[in-house]
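Close look at the chain arrangement
Given next are the chains, with one letter for each unit.
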Amino acid sequence: TEPEFRSGHFPGAVNIPLDSLGKNLAGLDTERPVLIYCRTQNRVRASLDIFREKGFRKVYILDGGSTALRASGYPLEK
């Protein structure tokens, strides 16, 4: 979600909320690796299904989401 994204994300990350994900993947390179995550991992599985339906095969899930990033001290962009 936008509030989660604003609270901290990987530098250079692109926010595509789950409710608009399917229509925002057109034109993206399906061969390029993608890392998906959210704050609590609640929407990751649904996102993974959408990426796969659209032909993406190199999709990775960040275990623990942005909560784990923050806890590890990883420098997030706001």
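Reference entry: report on the structure contained in this document. (Residues numbered from 1 in each chain as written. Predicted model: local features only at pLDDT ≥ 70, side-chain atom pairs only at ≥ 80, totals over all residues. Heavy atoms only, no water.)

As for the environment of arginine 70
For arginine 70, the location among the structural elements is in helix α3 (residues 65-72). Given the relative accessible area of 39%, arginine 70 is considered partly exposed. Residues contacting arginine 70, with those up to four places away along its chain left out, are Ser7, Gly8 and Leu76. Here the side chain of arginine 70 touches serine 7 through a polar contact of 3.2 Å, landing on its backbone oxygen. (Helix = DSSP H or I, 4+ residues; strand = E, 2+ residues; numbered from the N terminus. Buried < 20%, exposed > 50% of the residue type's maximum accessible area, 1.4 Å probe, protein only. Contact = heavy atoms within 4.5 Å. Polar contact = N/O pair within 3.5 Å; in protein donor to acceptor, adjacent residues only side chain to side chain.)

Considerations on α3
If you check which residues of α3 are buried, you get Gly65, Ser66 and Leu69. Taken down its axis, α3 places every buried residue within 125° of arc, on the same side. Note on α3: the residue one or two positions beyond its end, glycine 73, has a positive phi of about 85°. (Arc of directions from axis to C-beta.)

Some words on the packing of aromatic side chains
What characterises a pair of aromatic rings is the spacing of the ring centres plus the angle enclosed by the ring planes. Using the criterion set out here, one finds three aromatic pairs in the structure. Ring centres of phenylalanine 51 and phenylalanine 56 lie 5.1 Å apart, and the angle between their planes is 90°; on these two criteria the pair is classed as edge-to-face. Pair check on accessibility: phenylalanine 51 and phenylalanine 56 agree, each one buried. Aromatic rings pair up to connect Phe10, Tyr37 and Tyr74 into one cluster. (Phe/Tyr/Trp six-rings, centres within 6.5 Å; stacked < 30°, edge-to-face > 60°.)

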